[in-house]
Amino acid sequence: MSNSLDRELRAWAARRGTEGDLWFDSVPLDSHGRADLAKARVRAARGTRREEAHGRVVAELTFGFWRYLVESRYHTSLWVPDLHRAFPYGPADLRSRRNEVKRRLQQLHFVRNRAAHHEPIHQRDLRRDHDYAIELLRWVSPIAAEWASATTSLPAVLDARPSP
C-alpha cells in the first residue's frame, strides 16, 4: 500500500512540475504529517553521508502516516486528484472508496498496534481483520491478494483455536 500511495504522490508532484517528482517538499500535509515526514527523513539519513534516498525515506514512514493520507482533510487536495489511483480495484465512487479504505486502514492500524505492543487481541474478530487486509490488498493488486490469501496461515490458526 505504501508503495502504491508513494507512486501516486510522485505522479501528483510530477504533474505540478516538482523537480524529480519528489513529493516530500511539496505535498500539502498538516503539521502532524510534516512532522512524521521529517522524522522519516532523519531516520533514513542516519548512518549515511549519501544524498537522501527516496526509497529509504518511504520505508521509514510509519503505517500511521499512510493511514492519515486517506482522511477527509486530504479528500480534495490529494485523494480526488491522485491518491484514489492507489486503490484502482476499490469501490467506483471516489468518496465511498476513500471512506472504505480509511475504515479498513483504521481497523488494521488498531489491531497491528495492539499486537505490536503485546496487548490482547483474542476478543477481536480476527477473521474480519484478516478479510479487511486481503480486501484492501485486492483493491491495490488482485494478484498480490490472491498470493497473500494462498500463503497466509491465519484462517487455519483461527479455525484451530478452541471455542469460548
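Described in the following lines is the structure provided in the data block. (Residues numbered from 1 in each chain as written. Predicted model: local features only at pLDDT ≥ 70, side-chain atom pairs only at ≥ 80, totals over all residues. Heavy atoms only, no water.)

### Examining the side chain of Asp82
So, step 1. By the element assignment, Asp82 lies in the loop between helix H5 (75-79) and helix H6 (94-116).
So, step 2. Residue classification places Asp82 among the buried positions, given a relative accessible area of 1%.
So, step 3. In this structure, Asp82 is in contact with Glu8, Ala11, Trp12, Arg15 and Arg16, ignoring residues within four places of it in sequence. (Helix = DSSP H or I, 4+ residues; strand = E, 2+ residues; numbered from the N terminus. Buried < 20%, exposed > 50% of the residue type's maximum accessible area, 1.4 Å probe, protein only. Contact = heavy atoms within 4.5 Å.)

### A word on the nonpolar core
So, step 1. If you look at the biggest cluster of nonpolar residues, it comprises 30 residues, and the most contacted ones within it are Leu9, Trp23, Trp66, Leu69, Leu78, Phe87 and Val101.
So, step 2. Mapped by element, the contributors of at least two residues to this core are helix H1 (2-15), helix H2 (31-45), helix H3 (54-60), helix H4 (63-68), H5, H6 and helix H7 (126-140).
So, step 3. Sort the elements by how many residues they give to this core and H1 lands first, with 4 residues.
So, step 4. If near-sequence neighbours (up to four positions away) are discounted, Trp23 is found in contact with Asp6, Leu9, Arg10, Ala13, Leu37, His54, Leu61, Phe65 and Trp66. (Core = buried A, V, L, I, M, F, W, Y, C linked by side-chain atoms within 4.5 Å.)

### Things to note about the pattern of salt bridges
Opposite charge on two side chains lets them pair, provided their charged atoms get close.
So, step 1. The full count for this structure, using the stated rule, is 16 salt bridges.
So, step 2. Here Glu100 makes a salt bridge to Arg103, at a shortest N to O gap of 2.8 Å. Of this pair, Glu100 and Arg103 both sit in helix H6, 3 residues apart, roughly one helical turn.
So, step 3. In this structure Glu100 comes out as partly exposed when scored by relative accessible area, which is 23%. (Salt bridge = Lys/Arg side-chain N within 4 Å of Asp/Glu carboxyl O.)

### Describing the side chain of His130
So, step 1. Inspection of the secondary structure puts His130 in helix H7.
So, step 2. Each residue touching His130, except ones within four places of it in the same chain, is listed here: Thr152, Leu154 and Pro155.

### Considering the packing of aromatic side chains
Two measures describe an aromatic ring pair: the distance that separates the ring centres and the angle between the ring planes.
So, step 1. Counted according to the given criterion, the structure contains 5 aromatic pairs.
So, step 2. Look at Trp23 and Phe65: their rings are 6.3 Å apart centre to centre, the planes differ by 20 degrees, and that puts the pair in the stacked class. Taken together, the residues Trp23 in the loop between H1 and H2 and Phe65 in helix H4 connect sequence positions 42 residues apart.
So, step 3. Note on Trp23: relative accessible area 0%, which makes it buried.
So, step 4. Ring centres of Phe65 and Trp66 lie 5.2 Å apart, and the angle between their planes is 85 degrees; on these two criteria the pair is classed as edge-to-face. (Phe/Tyr/Trp six-rings, centres within 6.5 Å; stacked < 30°, edge-to-face > 60°.)

### Some points on the packing of H6 against H7
So, step 1. The N-to-C vectors of H6 and H7 enclose an angle of 130 degrees; their axes lie 10 Å apart at closest approach. Judged by the angle between their axes, H6 and H7 are oblique. In terms of crossing hand, the pair formed by H6 and H7 is left-handed. Here Glu100, Val101, Arg103, Arg104, Leu105, Gln107, Leu108 and Val111 of H6 lie close against H7, whose contacting residues are Leu126, Arg128, Asp129, Tyr132, Ala133, Glu135, Leu136 and Trp139.
So, step 2. Here the residues of the contact of H6 with H7 are counted per class, giving 9 nonpolar, 1 polar and 6 charged. (Axes fitted to C-alpha atoms, helices over the stretch in contact; angles between N-to-C directions. Parallel < 35°, antiparallel > 145°, perpendicular 65-115°, else oblique. Left-handed = near helix turned anticlockwise from the far one by under 90°. Nonpolar A, V, L, I, M, F, W, Y, C, P; charged D, E, K, R; others polar.)

### A few points about the packing of H7 against helix H8 (residues 142-151)
So, step 1. Running from amino to carboxyl end, H7 crosses H8 at an angle of 150 degrees, the nearest separation of the two axes being 6 Å. Compared by their axis directions, H7 and H8 come out roughly antiparallel. Contacts between H7 and H8 pair Ile134, Leu137, Arg138 and Val140 from the former with Pro142, Ala144, Ala145, Glu146, Ala148 and Ser149 from the latter.
So, step 2. Each residue belonging to the contact of H7 with H8 can be placed in one class, and the counts come to 7 nonpolar, 1 polar and 2 charged.

Nothing here speaks to function; it is all geometry.
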